[in-house]
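Residue strings, one per chain:
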Amino acid sequence: VLPERLQRREAERQQGVERQRQKKEAQVVKEEQSEFFLATFAREREAVEALLAAGTLEEAATRLQALQKLLTGSVRFLAPYEVRQGQETVARLQGDLAARRQQLQPKKKFAFRALKKEAAPGSAPRPAEPASPAPAAPGLGLAEGESGGPPLCGFSGAQDEELELGPAELLQQDVLLSELRGCRVRLRGNPNTLRVRDCRGCTVLCGPVSTSVLVDGCSDCLLALACQQLRTHRTRDCRVYVQVTSRAVIEACSGVSFAPYSWSYPGIERDFESSGLDRNSNNWNLVDDFDWLATDKPSPNWSLIPEQERITCWD
C-alpha cells in the first residue's frame, strides 16, 4: 500500500511541475509576441507618418491598412492597454490621412440629397424642410479615438425623410446625424467617424467606418454599422447589426440587441479596403456593459437577436 501511495503522490507532483512549466512557457511566448508586435507597430507607424509628411498618400493609406490588420490580428495576446493605445494611434493616423487628402486634393463641392417619402393618399402635403449639415454638438464627449474636430457632413433635425450620402461625399469624413425623427439614412461609403445623437425611430445604414462610432441618446432605432470601435450611451430599444474589431461598449442603456452586420451595396468591398477593417474579424457578440459588474450573470441591458429574427433583405 505504501509504495502505491508514494507513487501516486510522485505522479501528482510531476503533473504539477509540468503544469507550471507549460504555464511559464506560455507566458514567455506571450511576452515575446507582445514585444515583437510593439517593435513592428512602432516601425510601421513611423513609416506611415513619414509618408504622410511627404505627401505620398496612396502608399500611406496602404501601409495604414496593414497597420490596422497587424493590430487586429494581435489582439488575442496583447494587454488591454496595448490594444487601446494601438487603436488610438490608428485613429489618429486615419485623421491625419484625411486632413492631408483635403490639404493636397481640395474637396469637390457637393449638395446633400434629401429624398422625401411619398405622402399617404389623401393626406395634406407637408412643406419640405431640407436637411442641413449638422454643426458639432457642444459639450458632448467623444468616443475613444474619435476625431475632436467639427464634423464635415451629416444631417440634423429632419423628420420622415429618406436621406443619403455617397462614397465621394463620405470618404474619410467625420459624419454627424442628430435629432432625426422617423428617417431612413443610407451612408454608402467610408467615413472616418460616425456620431448618431438623439435620434428616434430611425433606420441608419452605414458603410465601413475607419475608426469609431458613437450612438448617444437614441431610441427605437435600427442601425447597421461596421467600425473599429462602437460606444453606445443613453440608448434604449435599439437593434444594432454590427461588425466591430474590438469589443462594443454600452453605458446607461437598456433593451439594446445585437446581430452580425449584413447590409450590403455595390462597392462595399472597395469601401472595406479603404477603411482598413478586417472583414474576417467581428466581435459583434462581445459587449461590455459599464453598468453591469457581475461576472456570474449576463447583463439584462443587452441581448443577441435570434437568428430567425435577423434581417436578411434590407431593400
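Looking up the chain in an unreviewed UniProt entry gives the name Tubulin-specific chaperone C, with the organism given as Sinosuthora webbiana. Of the chain, the UniProt comment under Subcellular location (unreviewed entry) reads exactly: "Cytoplasm". UniProt, in its Subunit (unreviewed entry) section for the chain, records the words "Supercomplex made of cofactors A to E. Cofactors A and D function by capturing and stabilizing tubulin in a quasi-native conformation. Cofactor E binds to the cofactor D-tubulin complex; interaction with cofactor C then causes the release of tubulin polypeptides that are committed to the native state."

> Could you clarify how one ought to interpret helix H2 (residues 57-74) in this entry?
Helical periodicity: at 3.6 residues per turn, an α-helix aligns residues three or four positions apart in one direction. The terminal C-alpha atoms of H2 lie 26 Å apart, and with 18 residues this matches the ideal 26 Å at 1.5 Å per residue to within 8%. Of the residues making up H2, those classed as buried are Leu57, Ala60, Ala61, Leu64, Leu67, Gln68, Leu71, Thr72 and Ser74.

> What should I look at first to understand unusual backbone geometry in this one?
Peptide bonds are, in most cases, trans, and in most cases residues other than glycine have a negative phi. Phi at Glu179 is positive, roughly 50°, even though this residue is not glycine. Along the chain, the position of Glu179 falls in the loop between strand E4 (174-178) and strand E5 (184-187). In this structure Glu179 comes out as partly exposed when scored by relative accessible area, which is 45%. Positive phi values are uncommon outside glycine, yet Arg234 reaches one of about 45°.

> Would you take a moment to explain the pattern of salt bridges for this structure?
Note that side chains of opposite charge can pair when their charged atoms are close. Here the structure, examined in full by the defined rule, presents 14 salt bridges. Salt-bridge contacts for Asp96 lead to Arg92; the nearest nitrogen and oxygen are separated by 3.4 Å. Here Arg92 and Asp96 lie together in helix H3 (residues 80-104), a separation of 4 residues that amounts to about one turn. Owing to a relative accessible area of 37%, Arg92 belongs among the partly exposed residues under this scheme. When the shortest N-O distance is used, the salt bridge between Glu269 and Arg279 registers 2.7 Å. Note that Glu269 is positioned in helix H5 (residues 268-275) and Arg279 in the loop between H5 and strand E14 (287-289), a separation of 10 residues in sequence. A residue is classified by how much of its surface remains accessible, and Glu269, at 46% relative accessible area, is partly exposed. Three or more residues joined by partner-sharing salt bridges are found here, namely Arg45, Glu46, Glu49, Arg92 and Asp96.

> Help me understand the state of the cysteines, please; the structure alone is not making it clear to me.
As used here, a disulfide is simply a covalent bond connecting the sulfur atoms of two cysteines. Enumeration over the complete set of coordinates arrives at 0 disulfides. Just so you know, Cys153 is unpaired, no disulfide at all, and the nearest cysteine sulfur is the one on Cys206, 9.9 Å from it. According to the relative accessible area criterion, Cys153 is buried, its value standing at 2%. This cysteine, Cys238, is not joined by any disulfide, and Cys221 carries the nearest cysteine sulfur, 4.6 Å off.

Cut-off values and rules
- Residues numbered from 1 in each chain as written.
- Predicted model: local features only at pLDDT ≥ 70, side-chain atom pairs only at ≥ 80, totals over all residues.
- Heavy atoms only, no water.
- UniProt positions renumbered as here; feature names shortened; annotations may be inferred.
- Helix = DSSP H or I, 4+ residues; strand = E, 2+ residues; numbered from the N terminus.
- Expected span 1.5 Å × (residues − 1).
- Buried < 20%, exposed > 50% of the residue type's maximum accessible area, 1.4 Å probe, protein only.
- Salt bridge = Lys/Arg side-chain N within 4 Å of Asp/Glu carboxyl O.
- Disulfide = S-S within 2.5 Å.

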